[in-house]
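Residue strings, one per chain:
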Amino acid sequence: MLIKRIYLKNFRNLKSVLLDFNSDLNIIVGDNGQGKTNLLEAIYYISTGRSHRTSTDKELINFSEDDNSDNKKLIIQTKILKEDKLNQKLSLQIQGRDKLFKVDDKEVEKISDFIGKLNVVLFSPEDLDLVKGGPANRRDFLDTEVSQVNPYYYHQLKKYEKVLKQRNNLLKEIRYNSNKDKSVLEVFTDQLVSIGSKIIKKRQEVVEKLKILARLHQRKLTDNQENLKVIYDPSFEFENIKNIEEEFNEIITKKIDKEIERGYTLIGPHRDDLILEINGYDIRKFGSQGQQRTAALALKLAELEFMKSESGEYPVLLLDDVFSELDGIRRQELINFIGQRIQTFITTTDKLLVEDIASDEDKYFYIKSGKFY
Ligand SMILES: Nc1ncnc2c1ncn2[C@@H]1O[C@H](COP(=O)(O)OP(=O)(O)OP(=O)(O)O)[C@@H](O)[C@H]1O
Ligand SMILES: [Mg+2]
């Protein structure tokens, strides 16, 4: 999968940018604060329908006051090329509270029809949170990955979030008013269990594939020194995944009194986690910074391979400021892996760090104050 061209208007400090990309390497060079990550963020946004840095769309709209317009329109447009040789045009507009997604100039009604057209994997310094941060980071990692190649999963997740919220509100109401009719709670519990079980099943299946790939990458990146183990850690123990719905239902039914007491849902995929071990110990607690970073990278490369196996095509790889953080071996291994097969965007403040990857001047894009020159 390739991005051939991008057009941006009023996206952060990228007020007006039109770029044609290479099918292999695209290296974005510029000093701190010039707009390198902004470009990757725009690509990430048109792929996933959200930013990796903010949940507030308004922050993305250019805030400079030099053109006196207080209702600016943000535009991201891309032309992509898939394996089947068909071009596709994806575009997105945000103005005030309005958001419009288009595929080949036709508006799409559901964002789930948009997500998955262009697949990307982003690796940035913040991805250390994937290892060091709380469980939500790891759930989000799994969900983003699966959603891109499986719109149905994305749909189920959204439904689950909605039911969870409704159920939690009801639990709180019952806590304050014990006379409240509990039959509605049963309806929400049934829905939660039914959708939640599908999510758990899919996550388990995905982790089974991911753990093999991640282990392989960690070994490669560390010259066979480190064995990474990825373990799915669901919020409740079950005996047989085939009967997950029954088991989930049984356990949650036993917990209902406690849930009413607390006012929220105690078990379900919203409380899943992944355990990450290297050579037998938990790297969240005992790993060095470099080991944690490498594990995060190994997981991301595993994600890339997973998406290729699901969709038949490699996604686009976005590497934000990654090379300055890796030692020589790890950097070389990463370069070997990317090879010529994967369209890759690399940002760097220092051209010297990447010169051994590409000597060809065509691969470089220079940016200053939001303008490419
Ligand atoms: N909504 C916005 N409107 C205009 N400018 C913005 C907006 N949001 C962020 N910026 C500007 O974008 C710049 C940051 O861009 P970006 O994060 O892409 O930098 P970078 O080139 O990746 O730098 P670094 O090397 O430090 O990571 C800052 O100067 C910031 O003021
Ligand atoms: Mg940056």
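Residues numbered from 1 in each chain as written. Chains lettered and ligands numbered in written order. Predicted model: local features only at pLDDT ≥ 70, side-chain atom pairs only at ≥ 80, totals over all residues. Heavy atoms only, no water.

Asks: Please clarify how the overall build of the protein chain should be interpreted in this entry.
Replies: For the protein chain, the helix and strand inventory stands at 10 helices and 15 strands. Computed over C-alpha atoms, the radius of gyration of the protein chain comes to 22 Å, within 12% of the 21 Å expected from 2.2 N^0.38 for 373 residues, which places it in the range of a compact globule. Surface accessibility of the protein chain: about 18300 Å² in total, with carbon and sulfur atoms responsible for 45%. Across the protein chain, the centroid of the 61 positively charged side chains sits 2 Å from that of the 62 negatively charged ones. (Helix = DSSP H or I, 4+ residues; strand = E, 2+ residues; numbered from the N terminus. Rg over C-alpha atoms; globule rule 2.2 N^0.38 Å. Areas by Shrake-Rupley, 256 points an atom, 1.4 Å probe, with all protein chains shown as cover. Lys, Arg positive; Asp, Glu negative; His and termini not counted. Charge placed at Lys NZ, Arg CZ, Asp CG, Glu CD.)

Asks: Would you mind showing me how to read the UniProt feature "binding site: ATP" (unreviewed entry) in the protein chain here?
Replies: Sites flagged by UniProt as "binding site: ATP" (unreviewed entry) map to G30, D31, N32, G33, Q34, G35, K36 and T37. Within the element layout of this structure, D31 appears in the loop between β3 (25–29) and α1 (36–48). In contact with D31, not counting residues within four places along its chain, are K36 and T349. Its place among the elements puts G35 in the loop between β3 and α1. (UniProt positions renumbered as here; feature names shortened; annotations may be inferred. Contact = heavy atoms within 4.5 Å.)

Asks: Looking at this structure, I do not really get the environment of E245. What am I missing?
Replies: If you trace the backbone, E245 turns up in helix α6 (residues 244–254). A relative accessible area of 43% places E245 in the partly exposed class. Sequence-wise, E245 and V322 are 77 residues apart; in three dimensions their C-alpha atoms are separated by 42 Å. When neighbours within four sequence positions are excluded, E245 is seen to be in contact with V193, S194 and S197. (Buried < 20%, exposed > 50% of the residue type's maximum accessible area, 1.4 Å probe, protein only.)

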